[in-house]
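# Descriptive analysis of the structure
Single-letter residue listing:
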Amino acid sequence: MLPEVRPHVSATLAHQLERQWGLAPQLEAGHLDVERVGGIAVVAAAHSEGYAATGHLLGLLAALPAPTKAGERFWSDLWRSSGTAYLLPGNIKGLVLRSLAGEGTPLARQILSAVDEMTPPQRVAAGEVIGQALAESDHFPDLKAQVIGELWLRDLELTAWRVLHADRGSDDPAGRKAFLDAWTSV
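### Observations concerning the overall build of the protein chain
Within the protein chain one finds eight helices and zero strands. Going residue by residue from the N terminus, the α and β elements of the protein chain occur as α-α-α-α-α-α-α-α. A buried classification covers 34% of the 186 residues belonging to the protein chain.

Pasting the structure below:
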């Protein structure tokens, strides 16, 4: 499940292309030389990490039971076991829809808040609920539900972190220079 890339959401990418390469958003492709095409490719590749992580985050959520009448028991059990309402469909629906439009940072923040709020016993219990649902739907008879659930939770947490990390604004020239200076002085 990949997020859709929309120009209004990719303002950072458009801003970088305009600032670094002097490319106005209305510029036609016929007016680009090889160097500028290469520059666009480099900037776009730098942004792909965030889109890929957002797509993976959505894929993890899509593996859970759908937030319909049929999946109601799962979501109720997850809420009860995890001790957090942050992951309930009603609380993440808007964030999931924004992620489908390419803006995954708010969903990632919500997920990290939910995981952070869980105590270790709640995390184990939530992993059991998630693992049971995944074991039933994906037919993993050789793995324990608790193991499947814990792996899913770890993947969700790390993927949310990747979304936030990719959105950290590393295009700051002063920050890059400070990084280079720090490593040069070692």
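### With respect to a nonpolar patch on the surface
A cluster of nonpolar side chains, namely Leu143, Val147 and Leu151, defines an oily patch on the protein surface of about 240 Å² accessible area. Examined against the element boundaries, Val147 turns out to sit in helix α7 (residues 145-166).

### Some thoughts on the layout of surface pockets
Counted as a void, the second largest pocket has a volume near 270 Å³. Per-element tally for the lining of the second largest pocket: the top contributor is helix α4 (residues 89-100), with five residues.

### Some details on α7
Between its terminal C-alpha atoms α7 stretches 31 Å, which fits the 32 Å expected from 22 residues at 1.5 Å a residue. Where α7 is concerned, the buried positions are Ala145, Ile148, Gly149, Trp152, Leu153, Leu156, Thr159, Ala160, Val163 and Leu164. The arc enclosing the buried residues of α7, seen along the axis, measures out at 140°, which places them on a common side.

### Regarding the packing of aromatic side chains
Tallied over the full model, the rule gives two aromatic pairs. Arranged with centres 5.0 Å apart and planes meeting at 80°, the rings of Phe74 and Trp75 form a pair that is edge-to-face. Each of the two residues, Phe74 as well as Trp75, counts as buried. Taken together, a centroid distance of 6.1 Å and an interplanar angle of 50° make the contact between Phe179 and Trp183 tilted. Of this pair, Phe179 and Trp183 both sit in helix α8 (residues 173-184), four residues apart, which is roughly one turn of the helix. Take Phe179 and Trp183: they sit in the same class, and that class is exposed.

### A look at the environment of Leu60
Turning to its location among the elements, Leu60 is positioned in helix α2 (residues 34-62). The buried category is assigned to Leu60, whose relative accessible area is 8%. Ignoring sequence-local partners within four residues, the contact set of Leu60 consists of Trp152, Asp155, Leu156 and Thr159.

### Comments concerning the pattern of salt bridges
Side chains that differ in charge, positive against negative, can pair when their charged atoms come close. Within the structure shown, the criterion is met by eight salt bridges. In this structure, Arg123 and Glu157 form a salt bridge, with 3.2 Å as the shortest nitrogen-oxygen distance. Here the residue Arg123 occupies a position in helix α6 (residues 120-138), and Glu157 occupies one in helix α7, the gap between them amounting to 34 residues. For Arg123, a relative accessible area of 17% gives the class buried. Glu157 sits in the partly exposed class, given a relative accessible area of 27%.

### Re the confidence of the model for the protein chain
Across the protein chain, the average pLDDT comes to 83, with 79% of residues at 70 or higher. Across the protein chain, the secondary-structure element scoring lowest on mean pLDDT is helix α1 (residues 11-21), at 65, and the one scoring highest is helix α3 (residues 72-82), at 96.

Cut-offs and rules
Residues numbered from 1 in each chain as written. Predicted model: local features only at pLDDT ≥ 70, side-chain atom pairs only at ≥ 80, totals over all residues. Heavy atoms only, no water. Helix = DSSP H or I, 4+ residues; strand = E, 2+ residues; numbered from the N terminus. Buried < 20%, exposed > 50% of the residue type's maximum accessible area, 1.4 Å probe, protein only. Patch = residues over 30% accessible without salt bridge, like charges linked within 9 Å, V, L, I, M, F, W, Y side chains within 5 Å. Areas by Shrake-Rupley, 256 points an atom, 1.4 Å probe, with all protein chains shown as cover. Salt bridge = Lys/Arg side-chain N within 4 Å of Asp/Glu carboxyl O. 1 Å grid on protein atoms, 1.4 Å probe; cavity = no way out; pocket = protein on both sides within 12 Å on 5 of 7 lines; lining within 4 Å. Points joined across faces, edges and corners; volume = space filled by probe spheres on them. Expected span 1.5 Å × (residues − 1). Arc of directions from axis to C-beta. Phe/Tyr/Trp six-rings, centres within 6.5 Å; stacked < 30°, edge-to-face > 60°. Contact = heavy atoms within 4.5 Å. pLDDT = per-residue confidence, 0-100.

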